[in-house]
2 protein chains.
Amino acid sequence: MSKISEDIILIDGLEYCNWNRDLFENAHKAGITAIHATLVYWENTEESFKKIEYWNDLFKEHQDIITHAKKTDDIFQAKKNNKVAIIFGFQNSAPIANDIFLVEKFFVKGLRFMQLTYNNQTSLGGGCFEPKDSGVSRFGKAVIEEMNRLGMIVDLSHAGKQTCIDAIEFSSKPVAISHANPTFFHKSIRNIDSDVLKKLAKKDGFIGLSLYPYHLKNLGDCKVEDFCSMIKDLINLIGDENIGIGSDLCLNWPDDVVMWMRNGKWTKKIDYGESKDKNPKWPELPKWYSKPSDLRNLLTSMCENNIAEKVALKIVGENWFNFMKNQF
Amino acid sequence: MSKISEDIILIDGLEYCNWNRDLFENAHKAGITAIHATLVYWENTEESFKKIEYWNDLFKEHQDIITHAKKTDDIFQAKKNNKVAIIFGFQNSAPIANDIFLVEKFFVKGLRFMQLTYNNQTSLGGGCFEPKDSGVSRFGKAVIEEMNRLGMIVDLSHAGKQTCIDAIEFSSKPVAISHANPTFFHKSIRNIDSDVLKKLAKKDGFIGLSLYPYHLKNLGDCKVEDFCSMIKDLINLIGDENIGIGSDLCLNWPDDVVMWMRNGKWTKKIDYGESKDKNPKWPELPKWYSKPSDLRNLLTSMCENNIAEKVALKIVGENWFNFMKNQF
């Protein structure tokens, strides 16, 4: 295979890290172009605005290596200036409460991805852990219209199947599932059935493939060969334009954060999410994907596993860039 | 018929008024024992706590004629002291956002009724205006358990049919539909099908009959004879223990409040609720039920319309009192 140029586009479609200098440097040194960073899960409106202020401080503190991207042109400029572009996302609609006008208020502050739901039902739609999925609600439709108008990506990760199908149909702009894998690879509540993937791609929607162990065949023991094999099967199913990586790396957090992600403040009991052995800890990551820089290594592995370099380059970044370009 | 004693129990299971001295005096002079007063619809947590403070000021200002009831014994004491007891309720779960711990925080401040939904889907369940009703969600079940534990009445007014059925089944304490009518009387989105009413009563649940024009046969032109005839049919269907009045009187508000009730901040378009002619005004009330004191007049009308006085007395207050007594 040819030597891969340094000057490539590497975009991670979702990370939720407790960011510090080391992590930013790890991404920067590997030449990561952009990262969609999760800001909040269960946080309410006020807490979410505060998280944005927290990030604005991070941008100042690490301005030599990271920058906030509000437009895809900002990603392009960041690359030119040798900085990692950070794109804001919410993994829930909790921050907008019942107020559609908050969508624009968060958009102005830089929010570019928002999930309709996080595991549980919200006033917008059904969550993947609910026994019954309402599909997209009346408020959900109103919010999707508003997101479409503004150029904020509708993210269906953690949504129920009917909600995914409804949103794919209803949204006037293509939607994303920023971090999940196909159920044909590993049958888990968070992964996506092939019929949904086909509908998604048919409407130019996007899936970011996840490295979160509960989404992987054999969890943290998943082999990169198997992951690459899944990518090839997925390309056969939906083509090679609508696929990227959304690693779902959750780094530098204590274990109580994974329990908080699962439980928020919605239950007084304990919910273990997809951990079948009721593990209250972060699951062990695959050795070949444990830090932001591993996106570049995955590119190499993909090529070694007989994915054409041209296609692999699309999947590690170009596709995400083109998808985002049509939204903001 | 015998002369009805002054010393009877008159409870209105729901009013949403812009309360002032005149309205309180109207209720007081008629000897209204207690009123379940709606505090909020779409308001968020902070706004809802503020509304409680606003009411605490009202209690001080009008302490000669009204008092806050947190226990049914407070209703009893209020009656002895010749005051109208006010019971707090929320017509939505918006105030608790995603935080189950807020249920107790509001309970401590006196909240005794909370609806799971208001027309639209919430994170707790489906609303009656949604094309698809999720039923009670995971968070909804957790909140119902918490309300049961505390002694806060689960109110299913404005919920979808499946959500009503799920909550009736799931709740360990009887639930209420504080203000609605049977669909056999008037087929409207907000009214309740007979199969649900039967399930409700079978589990000792409660319905407060509504005087809101969109819930009435012939709207504001509804005759009191027809209303009483409906009551008799309902008694035949579910017995006479589980029925009360929840007038849904909404007095002294400008017209923009009815539009706010329908639209909150959830849509940028206009939703007219059940107004088929897209009327942006408050609907005209039946002449025989336009103020809090009319509850006493309804008692007279019921007796005139061949409802036994003993039964009529249950319906205008005793039943509500007994229902509440088992909760708080």
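Our structure's up above, just so we're on the same page.
Heads up: these notes are all about the structure in this document. Treat the numbers as computed from the prediction; the structure is a model and nothing was measured. (Residues numbered from 1 in each chain as written. Chains lettered and ligands numbered in written order. Predicted model: local features only at pLDDT ≥ 70, side-chain atom pairs only at ≥ 80, totals over all residues. Heavy atoms only, no water.)

Assigned secondary structure in chain A consists of 11 helices and 9 strands. Its C-alpha atoms give chain A a radius of gyration of 18 Å, near enough to 20 Å, the size a compact globule of 328 residues would have. The dimensions of chain A, computed from C-alpha atoms along their principal axes, are 50 × 40 × 40 Å. Across the 328 residues in chain A, those meeting the buried criterion constitute 64%. Taking all contacts inside chain A whose residues are at least 6 apart in sequence as the whole, residues at least 24 apart take part in 71%. (Helix = DSSP H or I, 4+ residues; strand = E, 2+ residues; numbered from the N terminus. Rg over C-alpha atoms; globule rule 2.2 N^0.38 Å. Buried < 20%, exposed > 50% of the residue type's maximum accessible area, 1.4 Å probe, protein only. Contact = heavy atoms within 4.5 Å.)

Here the second copy of the chain follows from the first by a rotation about an axis and a shift along it. With an RMSD of 0.0 Å, chain B superimposes on chain A once it is rotated by 180° and translated 0.0 Å along the axis. Viewed as a symmetry operation, the transformation between the two copies matches a two-fold axis. Of the C-alpha atoms belonging to chain B, the one lying closest to the rotation axis is found on S134 of chain B, 2.2 Å away. (Least-squares fit on C-alpha atoms with pLDDT ≥ 70 in both.)

All right, on to helix 9 (residues 255-263) of chain A then. Buried within helix 9 of chain A are the following residues: V257, V258, M259, M261, R262 and N263 of chain A. Once helix 9 of chain A ends, the next one or two residues include G264 of chain A, with phi positive near 45°.

Looking now at the packing of helix 8 (residues 224-238) of chain A against helix 10 (residues 294-304) of chain A. Residue and element names in this part refer to chain A. Running from N to C, helix 8 and helix 10 cross one another at 75°; their axes reach a closest spacing of 10 Å. Viewed along their axes, helix 8 and helix 10 adopt a mutual orientation that is roughly perpendicular. Residue-level inspection shows V224, F227, C228 and I231 of helix 8 in contact with helix 10, the latter providing L298, S301 and M302. Partitioned by chemical class, the residues of the contact of helix 8 with helix 10 number 6 nonpolar, 1 polar and no charged. (Axes fitted to C-alpha atoms, helices over the stretch in contact; angles between N-to-C directions. Parallel < 35°, antiparallel > 145°, perpendicular 65-115°, else oblique. Nonpolar A, V, L, I, M, F, W, Y, C, P; charged D, E, K, R; others polar.)

A separate point is the packing of aromatic side chains. Think of a pair of aromatic rings as described by two things: how far the centres are apart, and how the planes are tilted against each other in angle. Summed over all chains, the structure comprises 38 aromatic pairs over all chains. Aromatic side chains F59 of chain B and F88 of chain B sit 5.9 Å apart centroid to centroid with 25° between the ring planes, which places their arrangement in the stacked category. Of the two residues, F59 of chain B is situated in helix 2 (residues 45-61) and F88 of chain B in strand 4 (residues 84-90); the sequence distance between them amounts to 29 residues. Considered together, F59 of chain B and F88 of chain B belong to a single accessibility category, that of buried residues. Through a chain of ring-to-ring contacts, three or more aromatic side chains come together here, namely Y16, Y41, W42, Y118, W253 and W260 of chain A. Sitting above the plane of the F107 of chain B ring, R112 of chain B keeps its charged end 3.7 Å from the centroid. Stacked on the ring of F328 of chain B, the Lys or Arg R112 of chain B has its end atom at 6.0 Å from the ring centre. (Phe/Tyr/Trp six-rings, centres within 6.5 Å; stacked < 30°, edge-to-face > 60°. Lys NZ or Arg CZ within 6 Å of the ring centre and 35° of its normal.)

Further remarks concern the side chain of H158 of chain A. Residue and element names in this part refer to chain A. Looking at where H158 falls in the secondary structure, it is placed in the loop between strand 6 (153-155) and helix 6 (161-170). A polar side-chain atom of H158 sits 3.4 Å from a polar atom in the side chain of Q91. If we skip the residues at most four places from it in the chain, H158 touches Q91, Q115, T117, Y118, N119, G127, C128, H179 and R190. (Polar contact = N/O pair within 3.5 Å; in protein donor to acceptor, adjacent residues only side chain to side chain.)

Chain B puts 36 residues into the contact, and the matching count from chain A is 36 residues. Summing the contributions of chain B and of chain A, the shared interface buries around 2900 Å²; its carbon and sulfur component is 48%. In terms of surface lost to chain A, no three residues of chain B exceed Q121, R138 and K268 of chain B, which account for 26% of the buried area on that side. For the interface between chain B and chain A, the tally reads 10 salt bridges. A salt bridge links D99 of chain A to K265 of chain B; the shortest N-O distance between them is 3.8 Å. Of all the elements in the fold, those that place two or more residues in the side of chain B that touches chain A are helix 4 (101-108), helix 5 (138-150) and helix 6 (161-170) of chain B. Looking at the side of chain B that touches chain A, the element that brings in the most residues is helix 5 of chain B, giving 6 residues. Counted by class, the side of chain B that touches chain A contains 10 nonpolar, 13 polar and 13 charged residues. (Buried area = accessible area lost by both parts, 1.4 Å probe. Salt bridge = Lys/Arg side-chain N within 4 Å of Asp/Glu carboxyl O.)

Here we take up the pattern of salt bridges. All told, the structure shown has 36 salt bridges over all chains when counted by the stated rule. A salt bridge links D7 of chain B to K79 of chain B; its shortest N-O distance comes to 3.5 Å. Remark: K79 of chain B occurs in helix 3 (residues 72-80) and D7 of chain B occurs in the segment before strand 1 (11-15); sequence separation between them is 72 residues. Across the pair R149 of chain B and E104 of chain B runs a salt bridge, and its minimum N-O distance is 2.9 Å. Of this pair, R149 of chain B sits in helix 5 while E104 of chain B is found in helix 4, placing the two residues 45 residues apart along the sequence. Each of E104, E146 and R149 of chain A together with K268 of chain B takes part in one network of salt bridges that share partners.

Counting 101 residues, the largest nonpolar core has W55, I86, L156, I207 and F227 of chain B as the members making the most contacts within it. When neighbours within four sequence positions are excluded, I86 of chain B is seen to be in contact with F24, I35, A37, W55, F59, I66, T67, H68 and A69 of chain B. Listed in part, the 100 residues of the second largest apolar core include I96, L116, L209 and A312 of chain A. (Core = buried A, V, L, I, M, F, W, Y, C linked by side-chain atoms within 4.5 Å.)

This paragraph deals with the state of the cysteines. Residue and element names in this part refer to chain B. One pass over the full model with this rule turns up 0 disulfides over all chains. The closest cysteine sulfur to the non-disulfide-bonded C128 is located on C164, 8.5 Å from its own sulfur. The thiol of C303 is not disulfide-bonded; the next cysteine sulfur, from C228, is found 9.0 Å away. By relative accessible area, which is 12% here, C303 ends up buried. (Disulfide = S-S within 2.5 Å.)

Moving on: unusual backbone geometry. Residues and elements named next belong to chain A. Backbone geometry at A97 places phi at a positive 45°, although glycine is not the residue there. If you trace the backbone, A97 turns up in the loop between strand 4 (84-90) and helix 4 (101-108). The phi torsion at L219 lies on the positive side, around 50°, for a residue other than glycine. Residue L219 is classed as partly exposed on the basis of its relative accessible area of 39%.

Residues and elements named next belong to chain A. Burial along strand 8 (residues 206-209) is two-sided: F206 and G208 and I207 and L209, pointing in opposite directions, are all buried. Sheet topology places strand 7 (residues 176-177) next to strand 8; 2 bridges connect them, and they run parallel. Of the residues in strand 8, the one forming a bridge with I177 is I207. In this view, the connection linking strand 7 to its parallel neighbour strand 8 by way of helix 7 (residues 194-202) has right-handed handedness. As paired strands, strand 8 and strand 9 (residues 243-245) are joined by 3 bridges and run parallel to one another. By the bridge assignment for strand 9, L209 is matched with I245. A crossover connection joins strand 8 to the parallel strand 9 through helix 8; in handedness this β-α-β unit is right-handed. (Pairing = 2+ DSSP bridges. Right-handed = clockwise from strand over helix to strand, strands pointing away.)

Residues and elements named next belong to chain A. Along the chain, the position of Y118 falls in the loop between strand 5 (111-115) and helix 5 (138-150). For Y118, a relative accessible area of 4% corresponds to the buried category. For the pair Y118 and Y41, spaced 77 residues apart in sequence, the C-alpha separation works out to 7.2 Å.

Residue and element names in this part refer to chain A. Within helix 7 the residues assigned to the buried category are V196, L197, L200 and A201. End-on, the buried residues of helix 7 take up no more than an arc of 130°, which puts them together on one face. Looking at the buried residues of helix 7, the elements they touch are helix 6, strand 7, strand 8 and helix 8. Following helix 7 by one or two positions, D204 has its phi on the positive side, about 65°. (Arc of directions from axis to C-beta.)

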